Number of protein chains: 2
Amino acid sequence: MKVQPRTLSGFMELLPQQQVMMERVMETMRSTYALYGFTPLDTPIIESSEVLLAKGGGETEKQIYRFTKGDSDLSLRFDLTVPLAKYVAIHYGELAFPFRRYQIGKVYRGERAQRGRFREFYQADIDVIGDGKLDIANDAEMPAIIYQLFNRLGLKKFQIHVNNRKILGGFYAILDLTEQAGDIMRTVDKLAKIGQEKVSSLLTGELGISPDKAGEILRFIAIQGSNQEVLSALEAYRGRNNLFDQGLEELTTVVKYLSAFGVPEENFAVDLTIARGLDYYTGTVYETFMLDHPEIGSICSGGRYDNLAEYYTDKLLPGVGISIGLTRLFYVLQEQKMLNQDLNTAPADLLLLPMTGDLSHAIALATRFRQAGLRVQLYTEQKKFKAKMSYADKTGVPFVVFLGEDEIREGVVACKDMVSGEQTKLDFQGTLDRVRAELDRRSQGSVIQ
Amino acid sequence: MKVQPRTLSGFMELLPQQQVMMERVMETMRSTYALYGFTPLDTPIIESSEVLLAKGGGETEKQIYRFTKGDSDLSLRFDLTVPLAKYVAIHYGELAFPFRRYQIGKVYRGERAQRGRFREFYQADIDVIGDGKLDIANDAEMPAIIYQLFNRLGLKKFQIHVNNRKILGGFYAILDLTEQAGDIMRTVDKLAKIGQEKVSSLLTGELGISPDKAGEILRFIAIQGSNQEVLSALEAYRGRNNLFDQGLEELTTVVKYLSAFGVPEENFAVDLTIARGLDYYTGTVYETFMLDHPEIGSICSGGRYDNLAEYYTDKLLPGVGISIGLTRLFYVLQEQKMLNQDLNTAPADLLLLPMTGDLSHAIALATRFRQAGLRVQLYTEQKKFKAKMSYADKTGVPFVVFLGEDEIREGVVACKDMVSGEQTKLDFQGTLDRVRAELDRRSQGSVIQ
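Presented here is an overview of the structure given in this document. (Residues numbered from 1 in each chain as written. Chains lettered and ligands numbered in written order. Predicted model: local features only at pLDDT ≥ 70, side-chain atom pairs only at ≥ 80, totals over all residues. Heavy atoms only, no water.)

Let us now look at the pairing of strand β5 (residues 99-108) of chain A. Residues and elements named next belong to chain A. Taking burial as the measure, the ten residues of β5 include ten buried ones, the bulk of the element. Here β5 shows no split at all, with F99, R101, Q103, G105 and V107 on one side and R100, Y102, I104, K106 and Y108 on the other all buried. The pairing of strand β1 (residues 39-40) with β5 spans two bridges and is classified as parallel. In the sheet register, P40 faces β5, and the bridge partner there is Y102. Where β5 lies against strand β6 (residues 120-129), ten bridges are found, and the strand directions are antiparallel. From the neighbouring strand, F99 faces β6, where its bridge partner is I129. (Buried < 20%, exposed > 50% of the residue type's maximum accessible area, 1.4 Å probe, protein only. Helix = DSSP H or I, 4+ residues; strand = E, 2+ residues; numbered from the N terminus. Pairing = 2+ DSSP bridges.)

Next up on the list: the sheet that holds strand β8 (residues 268-270) of chain A. Residues and elements named next belong to chain A. Taking strand neighbours across the sheet as the criterion, the eight strands line up as β1-β5-β6-β11-β10-β9-β7-β8 in an open arrangement whose pairing is mixed. Across the chains shown, the open sheet's two edge strands, defined by having one partner strand only, are β1 and β8. The pairing of strand β7 (residues 158-164) with strand β9 (residues 281-290) spans seven bridges and is classified as antiparallel. Note that in β9 the partner of F158 across the bridge is M290. Those strands touched by helix α4 (residues 137-153) are β5, β6, β7, β9, β10 (300-305) and β11 (319-325), and its axis lies near 25° from that of β11. (Contact = heavy atoms within 4.5 Å. Axes fitted to C-alpha atoms, helices over the stretch in contact; angles between N-to-C directions.)

Turning to helix α11 (residues 242-260) of chain B, a few remarks are in order. Residues spaced three or four apart along an α-helix point in a common direction, a consequence of the helix completing one turn every 3.6 residues. All names here are of chain B. Along its 19 residues, α11 runs 27 Å from first to last C-alpha, staying within 8% of the 27 Å computed at 1.5 Å per residue. The N-cap residue of α11 is N241: its side-chain oxygen and the backbone nitrogen of L243 are 2.9 Å apart. Of the residues trailing α11, G262 is marked for its positive phi of about 85°. (Expected span 1.5 Å × (residues − 1). Polar contact = N/O pair within 3.5 Å; in protein donor to acceptor, adjacent residues only side chain to side chain.)

As for its placement among the helices and strands, B:N138 is situated in helix α4 (residues 137-153). Among the polar contacts listed, one links the side chain of B:N138 to the side chain of A:E381, at a separation of 2.9 Å. Filtering out sequence-adjacent residues up to four positions away, B:N138 remains in contact with A:T380, A:E381, B:R100, B:V128 and B:V320.

A few words now on the side chain of A:R442. Residues and elements named next belong to chain A. Tracing the sequence through the fold places R442 in helix α16 (residues 428-442). The exposure class of R442 is buried, given its relative accessible area of 14%. Polar side-chain contacts of R442 include one of 3.1 Å to the side chain of D417. Discounting residues that sit within four places of it in the chain, R442 has contacts with D342, L343, N344, P398, D417 and V419.

Our next topic: unusual backbone geometry. Residues and elements named next belong to chain A. Backbone torsion omega between F97 and P98 reads 0°, so that peptide bond is classified as cis. Looking at the secondary structure, you find P98 in the loop between α3 (81-91) and β5. Positive phi values are uncommon outside glycine, yet D176 reaches one of about 65°. Among the structural elements, D176 can be located in the loop between α5 (165-174) and α6 (181-188). D176 gets classed as exposed once you look at its relative accessible area, which sits at 65%. Non-glycine residue K337 carries a positive phi angle of around 50°. Mapped onto the elements of the fold, K337 is located in the loop between α12 (326-335) and β12 (350-354).

Mapping chain A onto chain B calls for a rotation angle of 180° and an axial translation of 0.0 Å; the resulting RMSD is 0.0 Å. A rotation of that kind, with that shift, is consistent with a two-fold axis. Every residue of chain A has its C-alpha some distance from the rotation axis, and the shortest such distance is that of A:F67, at 3.1 Å. (Least-squares fit on C-alpha atoms with pLDDT ≥ 70 in both.)

Take the interface of chain A and chain B next. Counting from both sides, the interface comprises 99 residues of chain A and, opposite them, 100 residues of chain B. When the two sides are added together, the surface that chain A and chain B hide from each other amounts to roughly 8400 Å², 57% of it contributed by carbon and sulfur. Summed over the shared surface of chain A and chain B, the number is twelve salt bridges. The shortest N-O distance in the salt bridge between A:D358 and B:K256 comes to 3.5 Å. Applying the counting rule to chain A against chain B returns 50 residue pairs in polar contact (both at pLDDT 80 or more). The biggest single contributor to the side of chain A that touches chain B is helix α1 (residues 16-35) of chain A, with seven residues. The class makeup of the residues in the side of chain A that touches chain B is 51 nonpolar, 20 polar and 28 charged. (Buried area = accessible area lost by both parts, 1.4 Å probe. Salt bridge = Lys/Arg side-chain N within 4 Å of Asp/Glu carboxyl O. Nonpolar A, V, L, I, M, F, W, Y, C, P; charged D, E, K, R; others polar.)

Here you go:
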């Protein structure tokens, strides 16, 4: 009796060629984050439920994979922020602040399965955590890093939207709507999805806000234009509320530094409709959209929080972070056929086919190529020549080397370029130079095209 | 009310400097495996219990993290071999065989917690899967790759022990003990742990084997010497059993190719006591020991199996694989202080301290260094000079650059080597050359020393 092999729905499992592309995306993330002085971190996937759910409540709670093992009440992490809070609280004395870490890891949410929704998915996070204080310049560096990363990946048409919740909070205080600010922001957050009219009727209906004030709100969040135009329009509200003024100051600084960091204006926009659903953001907030695919929603979000680890420690640990939903982003890039098909995704650069019974010469040649840095697969199976070549085709290996009695005697390497079909008989160094030049040429492009 | 933050026992969570070393080990693994034409794979951590436990029974079953979510009976993977079997069975038509993959991933076993035992741990596996057949040369390549990997990591005093279960099976058939062969091998497997006398009494006692035959068994597994000497001694048994002869043929070929692959004899040994507890190994088996730390047991094990995915498919998929218990190995390397402390484990190569209120020049300089490939952290906090320098000390960053009005005006870079204390004022290129040279020098060593 066989068991039907299957992978659970909502769990991404890639074919080899796709996985190689995913690894390239991850490698680009790691190297970019490292360029900015972030240290890699790895935390357990399983945590004690008491620790992981210290904050309690929340929309995510019912999605959590929670179970018991022996006497232990355990949960799988549903993001990388709570484990970071735990980590920083435990290791506070051993860390240098500001503490900058990146983490690329799997998280788990038992959402209803549907196309493009994942229950196991990678998040790629960067966070900077201060001890007591954290300068606003960090809020500008975050989107600059994301800009740099997307550039290196080859993603062009994207825009990072920036806002500051203090501006929103201050504005609602001016309208004397502080207590309802959370509800209002959650409603206003839906603007892109449901439109101005529906938002308006939700505000005056469900939330019981006067039509005057609802009008003010809608005029406020409709403020648009270049970043300078938006900032200028906001100046009109200055002087009426401290929180608002502070937020405007922060946002102005972020915008100023963002251009110093070299982020072109087309890639970032002040956007007063961005509030982020999550409660813990207290200042700057980010969302990032693909210009040709707004329907996908934000591919990279985050913001400033006042106190990372308040459920674990009395230390005040303000931070700012940003997170990429990597699995979903990769899925979209695949669906939209945006992954660069010209890159080499074969397991090896060169397949070595021995044409003799004894493998010793082939092993020696493979070793020599490897010492020169080439990824070499030695083909050892006893098959017909045709079957060997069809294997080479199927793996997509760029070069095949044939090693028979003639080549061994003459001390030459017979090498076939599997794309052009061109076959050469050169000495080792000549072959190596040719293969390297061609591999270099084929690895020029970025992952996204 | 604060929740006490803690990490579950049996779950490794490293400090930043240690994590950087772990990342280096992983990167060395990835690049070494890639050199031999293995493709990276990533499979879900959660699988359907029906699929994951298709084989059923087994010692591991009670250690498995198993739970329900909604209507689904789920389990966390306990190795990377069963998910590979599933993967190959599902994607059979899309893969090229021999299929060579590496996977470095976390697996879960709810073992009794004790020092150096982990419930969540990384395994780093390579496997080659054939379609119907797989040449014996692959069995020789596996330890050659492990030898190469350990060499690159800087691990020197290790020995890969190789045996072939067909030799054992054939030998027990000669003694007419085939039915008890499994029990005998499990007993003999304990030789290193419990000694010859105890093994002997277990054989004649529990297993009811005649003293004559027990003596034969003990003489057989006591065969020692150079690899050639052991092979010669085995020749004495040739011609009495087909399985034995086949195993001896295979082992002889593996030994021959291992030297062709450049593995020095001091790093591999034919060892007739190695049987591997697991049922599914059918030919070559490997275990690897650290010569100075035999108490640790095998750090890298594997072998040949006749049929990888028999629970899922009728296809005959023989394979050979080898697995490193990475988390445990890393733990041991730490405990034994074998990790190279001279390597740079700081989050950045260079910490840039702006001495002016405006950050624009500092941002521009940081960008220039990054474009040259340096990992640069821009320090943005408003702190006293002493606090900034103590931050630099604590992160272990090798270089600090000070950027004040003077340096900006003069167009020079003031740079301090944090180890030697030497401070220079050079132009950008001069500083870059100096920093690069020193960083190169400090990254010379291998991870293990």
